[in-house]
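Read off the chains here:
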Amino acid sequence: MSRPAPLGREVYRHFTRIATRWADNDAYGHVNNTVYYEWFDTAVNRWLVEQGLLDIERGDPIGLVVETGCSYFAPLAFPADVEIGLAMDKLGTSSVTYRIGVFATGSPEAAAQGRFTHVYVGRDSRRPTALPDEWRRKLEKLA
């Protein structure tokens, strides 16, 4: 299995800044790998809320995470902000796969990069549902 090369900022369409926390560091003095997945979730859902697509309490449809993955290239540690780059790799009928890059502030190359796939389902039925046209129009801006 070949290791991907870190991508630059130019492949991402939106950035979110997140502050690291003391608790993010592990015994080895760098941000623990599990925290990156929290950042993925935060960046995607913050963008959806900002676009008026995600109503956390009453929205329908809702996105369920069905796949994630991450490659790590350089350590990050508290105290520092990170910048999370977001783009869309694939838009399906009821799913979206996001490309996500984690950057040290101002760094041209990702310290980590990954993917995050949502399948959109009915809030009550939990069955896949086609993405509304408004969602598709906004999500296509991330392509």
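Refer to the structure printed above.
Before going into details, it helps to say that this report is about the structure given with it. Computed from a prediction, not measured in an experiment: that's the story for all the values here.

### What about the pattern of salt bridges?
The full count for this structure, using the stated rule, is ten salt bridges. Salt bridges here are not isolated pairs; linked through shared partners, they connect Arg 9, Arg 17, Asp 81 and Glu 83.

### Here's the deal with the sheet that holds strand 2 (residues 62-72)
Taken in spatial order, the five strands make up an open sheet running 1-3-4-5-2, and their pairing is antiparallel. The sheet is open, and its two borders are formed by strand 1 (14-19) and strand 2, each paired with just one other strand. Adjacent strand axes in the sheet meet at a mean angle of 25°, parallel and antiparallel pairs treated alike. Strand direction decides the pairing type here: strand 4 (residues 95-104) and strand 5 (residues 112-121), joined by eight bridges, are antiparallel. Looking at strand 5, one finds that Arg 99 is bridged to Arg 115. Helix 1 (residues 33-50) rests against strand 1, strand 2, strand 3 (81-91), strand 4 and strand 5 of the sheet, and its axis sits at about 50° to strand 5.

### Observations regarding the environment of Tyr 72
Here Tyr 72 is to be found in strand 2. Judged by relative accessible area, which is 30%, Tyr 72 ranks as partly exposed. Placed 30 residues apart in sequence, Tyr 72 and Val 102 show a C-alpha to C-alpha distance of 9.2 Å. Among residues more than four places away in sequence, those in contact with Tyr 72 are Arg 3, Asn 33, Tyr 36, Tyr 37, Ala 111 and Ala 112.

### Quick notes on the nonpolar core
One finds Trp 39, Leu 48, Tyr 98, Val 102 and Leu 139 to be the most contacted residues of the largest nonpolar core, which totals 30 residues. Put simply, the parts of the chain that give this core at least two residues each are helix 1, strand 3, strand 4, strand 5 and helix 2 (133-139). Top contributing element to this core by residue count: helix 1, with eight residues. What Leu 139 contacts, discounting residues up to four positions off in sequence, is Trp 47, Leu 48, Met 88, Leu 91, Val 96, Tyr 98 and Leu 131.

### Digging into the environment of Ile 100
Tracing the backbone through its elements, the reader meets Ile 100 in strand 4. For the pair Ile 100 and Ala 87, spaced 13 residues apart in sequence, the C-alpha to C-alpha distance is 6.5 Å. Apart from residues lying up to four places away in sequence, Ile 100 is in contact with Tyr 12, Phe 40, Val 44, Ile 84, Gly 85, Leu 86, Ala 112, Gln 113, Gly 114 and Phe 116.

### Remarks on the side chain of Arg 99
If you trace the backbone, Arg 99 turns up in strand 4. For Arg 99, the side chain forms a polar contact with the side chain of Asp 89, separated by 2.8 Å. When sequence neighbours within four positions are dropped, the list of residues in contact with Arg 99 reads Leu 7, Val 11, Tyr 12, Gly 85, Leu 86, Ala 87, Met 88, Asp 89 and Gly 114.

### Let's talk about the packing of aromatic side chains
This model, assessed by the stated rule, comprises nine aromatic pairs. Judged by centre distance (6.2 Å) and plane angle (55°), the ring pair of Tyr 98 and Phe 116 falls under tilted. Linking Tyr 98 in strand 4 with Phe 116 in strand 5, this pair joins segments that are 18 residues apart in sequence. Judged by relative accessible area, Phe 116 falls into the buried class, the value being 3%. Counting every residue linked through ring pairs, the aromatic cluster contains Tyr 12, Phe 15 and Phe 103. A cation sits over an aromatic face here: Arg 9 above Phe 103, 4.7 Å from the ring centre. The residue whose ring lies beneath Arg 99 is Tyr 12, and the NZ or CZ to ring-centre distance is 6.0 Å.

Thresholds applied
Residues numbered from 1 in each chain as written. Predicted model: local features only at pLDDT ≥ 70, side-chain atom pairs only at ≥ 80, totals over all residues. Heavy atoms only, no water. Salt bridge = Lys/Arg side-chain N within 4 Å of Asp/Glu carboxyl O. Pairing = 2+ DSSP bridges. Helix = DSSP H or I, 4+ residues; strand = E, 2+ residues; numbered from the N terminus. Axes fitted to C-alpha atoms, helices over the stretch in contact; angles between N-to-C directions. Contact = heavy atoms within 4.5 Å. Buried < 20%, exposed > 50% of the residue type's maximum accessible area, 1.4 Å probe, protein only. Core = buried A, V, L, I, M, F, W, Y, C linked by side-chain atoms within 4.5 Å. Polar contact = N/O pair within 3.5 Å; in protein donor to acceptor, adjacent residues only side chain to side chain. Phe/Tyr/Trp six-rings, centres within 6.5 Å; stacked < 30°, edge-to-face > 60°. Lys NZ or Arg CZ within 6 Å of the ring centre and 35° of its normal.

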